[in-house]
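# Notes for the structure review
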Amino acid sequence: MSIRVAVLGARGRMGAQAVNAVEGAADLELVAAIDAGDRLLDVVDNGADVLIDFTHPDAVMGNLEFAVEHGVHAVVGTTGMTQDRLETLAGWLADKPELGVLIAPNFALGAVLAMRFAEQAARFYASAEVIELHHNRKADAPSGTAGHTARLISKARAEAGIEPGPDATTSEVDGARGALVGDVRVHSVRLPGLIAHEEILFGAEGETLTIRHDSMDRSSFMPGVLLGVRSIAKRPGLTVGLENVLEL
Ligand SMILES: NC(=O)C1=CN([C@@H]2O[C@H](COP(=O)(O)OP(=O)(O)OC[C@H]3O[C@@H](n4cnc5c(N)ncnc54)[C@H](O)[C@@H]3O)[C@@H](O)[C@H]2O)C=CC1
Ligand SMILES: O=C(O)C1=N[C@H](C(=O)O)C[C@H](O)C1
């Protein structure tokens, strides 16, 4: 039997890709393609098992509240999922123990691997900075991926008992040293022509290590999205990060 899927944000850049990917998968059936202003209840009336959300940070929590209330599993790529939001969502899910929600800051396999490699490297380097580069129609900065990467580095360094490395900057034009996420500097670049790119830089005496991932096309996110859709019913509760589904 096929998995019945609704896509939210269906006319957006990612949502349109997700619609195509679901339509192209023999084991999935697209039952609703919803964008802003459309009737959200179609998700339930059309019998969706899973909804995919690629909307906007301002919209995603309302959509998730709706999904949990109506017993629909959710696979979420939309950014803006702060710790507070994750806790709110976990609270909603506590009343629906059979339901699964996957929040993935990035669905591209290489980006997930890059984050894992960065987490592994972090305990060996006191100094690390993240540069993320995206198309100039992106609403949020820094990217969800860069925020997640920085938090992983911060946590890995703290667990290893490493303080962030020295930085002699005493005079700074506002923003020149990027934003602090945890204790990691994150720099955001926005340019037409880019899709989604991240560099994680580590430095130590006499050497640097650079981990870089590039999404050249939004199709790069689709295998991860489909994996999420196929596995979410077997993962009750809240899962944050595709690395958990991939068992990395
Ligand atoms: N996790 C991942 O791998 C990826 C995540 N993203 C994230 O996905 C989100 C969407 O990105 P894009 O597709 O580039 O944006 P977009 O602006 O092209 O598309 C968003 C779509 O959502 C629609 N929308 C807004 N509110 C809605 C609502 N309440 N219900 C239904 N539809 C609604 C908009 O009308 C628009 O068509 C962003 O947060 C972005 O950062 C983007 C790429 C990959
Ligand atoms: O808006 C985008 O395009 C992307 N958003 C996600 C993020 O903020 O990390 C994932 C990917 O970088 C593309």
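The structure displayed is predicted, hence computed values, not measured ones.

The rules behind each value
- Residues numbered from 1 in each chain as written.
- Chains lettered and ligands numbered in written order.
- Predicted model: local features only at pLDDT ≥ 70, side-chain atom pairs only at ≥ 80, totals over all residues.
- Heavy atoms only, no water.
- Phe/Tyr/Trp six-rings, centres within 6.5 Å; stacked < 30°, edge-to-face > 60°.
- Helix = DSSP H or I, 4+ residues; strand = E, 2+ residues; numbered from the N terminus.
- Buried < 20%, exposed > 50% of the residue type's maximum accessible area, 1.4 Å probe, protein only.
- UniProt positions renumbered as here; feature names shortened; annotations may be inferred.
- 1 Å grid on protein atoms, 1.4 Å probe; cavity = no way out; pocket = protein on both sides within 12 Å on 5 of 7 lines; lining within 4 Å.
- Contact = heavy atoms within 4.5 Å.
- Near = heavy atom within 4 Å.
- Polar contact = N/O pair within 3.5 Å; in protein donor to acceptor, adjacent residues only side chain to side chain.
- Areas by Shrake-Rupley, 256 points an atom, 1.4 Å probe, with all protein chains shown as cover.
- Sits in = over half its atoms within 2 Å of the grid points.
- Nonpolar A, V, L, I, M, F, W, Y, C, P; charged D, E, K, R; others polar.
- Points joined across faces, edges and corners; volume = space filled by probe spheres on them.
- Pairing = 2+ DSSP bridges.
- Axes fitted to C-alpha atoms, helices over the stretch in contact; angles between N-to-C directions.

Under the criterion given, the structure shown has two aromatic pairs. A centroid spacing of 5.9 Å and a plane angle of 65° characterise the contact between phenylalanine 54 and phenylalanine 107, whose relative ring orientation is edge-to-face. On the criterion of sequence distance, the pair formed by phenylalanine 54 in the loop between β3 (50–53) and α3 (60–69) and phenylalanine 107 in the loop between β5 (100–103) and α5 (109–122) is long-range, its members being 53 residues apart. Of the residues examined, phenylalanine 107 reaches a relative accessible area of 2% and is grouped as buried. Ring centres 5.4 Å apart and planes at 40° place the aromatic pair tyrosine 125 and phenylalanine 202 in the tilted group.

As annotated by UniProt and renumbered to match this structure, "binding site: (S)-2,3,4,5-tetrahydrodipicolinate" (unreviewed entry) occupies His135, Gly144 and Thr145. Restricting the annotated residues just mentioned to those that line the largest cavity leaves Thr145. Summarising the element assignment, histidine 135 is placed in the loop between β6 (127–134) and α6 (144–159). What histidine 135 contacts, discounting residues up to four positions off in sequence, is Arg13, Arg190, Leu191, Leu194, Ile195 and Arg218. Not counting residues up to four positions away in its chain, the partners in contact with glycine 144 are Thr79 and Pro105.

Lining the immediate surroundings of ligand 1 are 21 residues, of which Arg13, Met14, Asp35, Thr79 and Phe107 lie closest. Residue glycine 9 places a main-chain N or O atom 3.5 Å away from a nitrogen atom belonging to ligand 1. A distance of 2.8 Å is found between an oxygen atom of ligand 1 and a backbone nitrogen or oxygen belonging to arginine 13. Taken by itself ligand 1 offers 860 Å² of open surface, and the protein chains cover 78% of this. Judged by the proximity of its atoms to the pocket grid, ligand 1 belongs to the largest pocket. In terms of residue class, the shell around ligand 1 is built from nine nonpolar, seven polar and five charged.

Turning our eyes to something else, we now look at empty space enclosed by the protein. Considering all chains together, one arrives at one cavity of 30 Å³ or more under this definition. Of the volumes computed, that of the largest cavity is approximately 70 Å³. Considering the residues around the largest cavity, the lining is formed by Asn106, Ala111, Glu132, His134, Ser143, Thr145, Ala146, Ala196, His197, Glu198 and His213. When contributions to the lining of the largest cavity are tallied by element, the ones reaching two or more residues are β6, α6 and β9 (196–204). For the lining of the largest cavity, the element with the highest residue contribution is β9, accounting for three residues. Residue classes in the lining of the largest cavity are distributed as three nonpolar, six polar and two charged.

Tracing the chain through its elements places serine 215 in strand β10 (residues 207–215). In this structure the side chain of serine 215 is engaged in a polar contact, spanning 2.8 Å, whose partner is the side chain of serine 220. Ignoring sequence-local partners within four residues, the contact set of serine 215 consists of Ala108, Ile195, Ala196, His197, Ser220 and Phe221.

Okay, the sheet that holds strand β1 (residues 3–8) next. Strands in a sheet are paired, the pairing made by backbone hydrogen bonds, and the direction either parallel or antiparallel. What the six strands build is an open sheet, ordered β2-β1-β3-β4-β5-β11; its pairing is parallel. Every interior strand has two partners, whereas the edge strands, β2 (28–34) and β11 (237–240), have only one. Ignoring strand direction, the axes of neighbouring strands in this sheet form an average angle of 20°. Note: β3 against strand β4 (residues 73–76), four bridges, orientation parallel. In the strand pairing of β4, valine 50 is matched with histidine 73. Where α3 meets the sheet, it contacts β1, β3, β4 and β5, and its direction lies at approximately 175° from that of β3. In this fold helix α4 (residues 83–94) packs onto β5 and β11, with an angle of close to 150° to the strand it touches most, β11.

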